[in-house]
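Chain by chain, the residues run as shown.
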Amino acid sequence: MQKGVVVIGAGGHAKVCVELLRAMGAEVDYCIGGDSSVRTCVGVPVLHGDEHIGRLRESGYQSAFVAIGSNRLREKLAATVVEHGYCLVNAISPLAVISPSARLGSGIAIMAGAIVNAESTVADLAIINTGATVDHDCNIGRAVHIAPQCGLAGNVSVGDGSFLGIGCKVIPEQSIGANVVLGAGSVVISPIPDGVTAVGVPARVIR
Ligand code: JB3
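This text gives an overview of the structure that appears in the document.

Parameters and conventions
- Residues numbered from 1 in each chain as written.
- Predicted model: local features only at pLDDT ≥ 70, side-chain atom pairs only at ≥ 80, totals over all residues.
- Heavy atoms only, no water.
- Pairing = 2+ DSSP bridges.
- Helix = DSSP H or I, 4+ residues; strand = E, 2+ residues; numbered from the N terminus.
- Right-handed = clockwise from strand over helix to strand, strands pointing away.

What follows concerns the sheet that holds strand β17 (residues 151-152). The 6 strands are arranged β8-β11-β14-β17-β20-β23 in an open sheet whose pairing can be described as parallel. The open sheet has two edge strands, β8 (97-98) and β23 (187-188), and neither has a second partner. With 2 bridges joining them, strand β20 (residues 169-170) and β23 adopt parallel strand pairing. Its bridge partner lying in β23, Lys169 is registered against Val187.

Dropping the structure here:
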């Protein structure tokens, strides 16, 4: 019998991703959480501890999805999952609108109401959260999180590992560096360098 998907994580983000995977027609057999995690996640049994990643792989599981909101931890656990030989699947809502010319990596979550427009690229392990819009020719880096209701105009780039808080807006052609944290509701009208925290309208670097 075909085995289902193994989801890494068992918190709020995992709940949403399990339901996305189900909406795509996939079965989720187990979540794997940390030691103090809950016992079930929207009806899926939760195993505790990362030793279960290897154990389930040995028992024939092949597909995994890393459903952890933290960009760094998602990247780290994805490396472990890939080392064990899993295939990283995507979790994409049927209620998201993805351009046929968009390029998507693997291990990506795209939630309901999100839009990815023409010729944009979304790299591995990125999250395009509920109702966020990524317009044409954008370049969303690896393990980025674009939080709910963000709006990116055309030709925006976001470097690897960056987090755009809820409701951020970015005008066309702007570049946001790698490992940036952009506070909720910020409006980006000029480039943001790597590794900084920026907040406000317009967004200014504070750290
Ligand atoms: O803002 C939105 C819409 N969603 C947020 C999401 C993107 O990020 C959400 O509100 C949360 O703030 C956050 O969700 P996440 O990552 O699910 O966080 P939390 O609800 O705190 O759950 C973290 C999960 O990761 C728990 O199940 C932990 O047990 C698990 N965890 C932590 N460390 C781990 C590890 N699981 C494994 N397998 N290994 C770990 O090292």
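That covers the picture; the talk isn't over yet.
This part is about the pairing of strand β5 (residues 63-66). By the bridge criterion, 4 bridges tie strand β1 (residues 5-8) to β5 in an arrangement that is parallel. Paired with Val6 across the strands is Ala64, a residue of β5. Here 2 bridges tie β5 to strand β6 (residues 87-88), and the two strands are oriented parallel to one another. Residue Ala64 lies in a different strand from β6, and its bridge partner there is Leu88. Read as a crossover between parallel neighbours, the route from β5 over helix α3 (residues 71-83) to β6 is right-handed.

Geometric descriptors of this kind do not, in isolation, establish any biological role.
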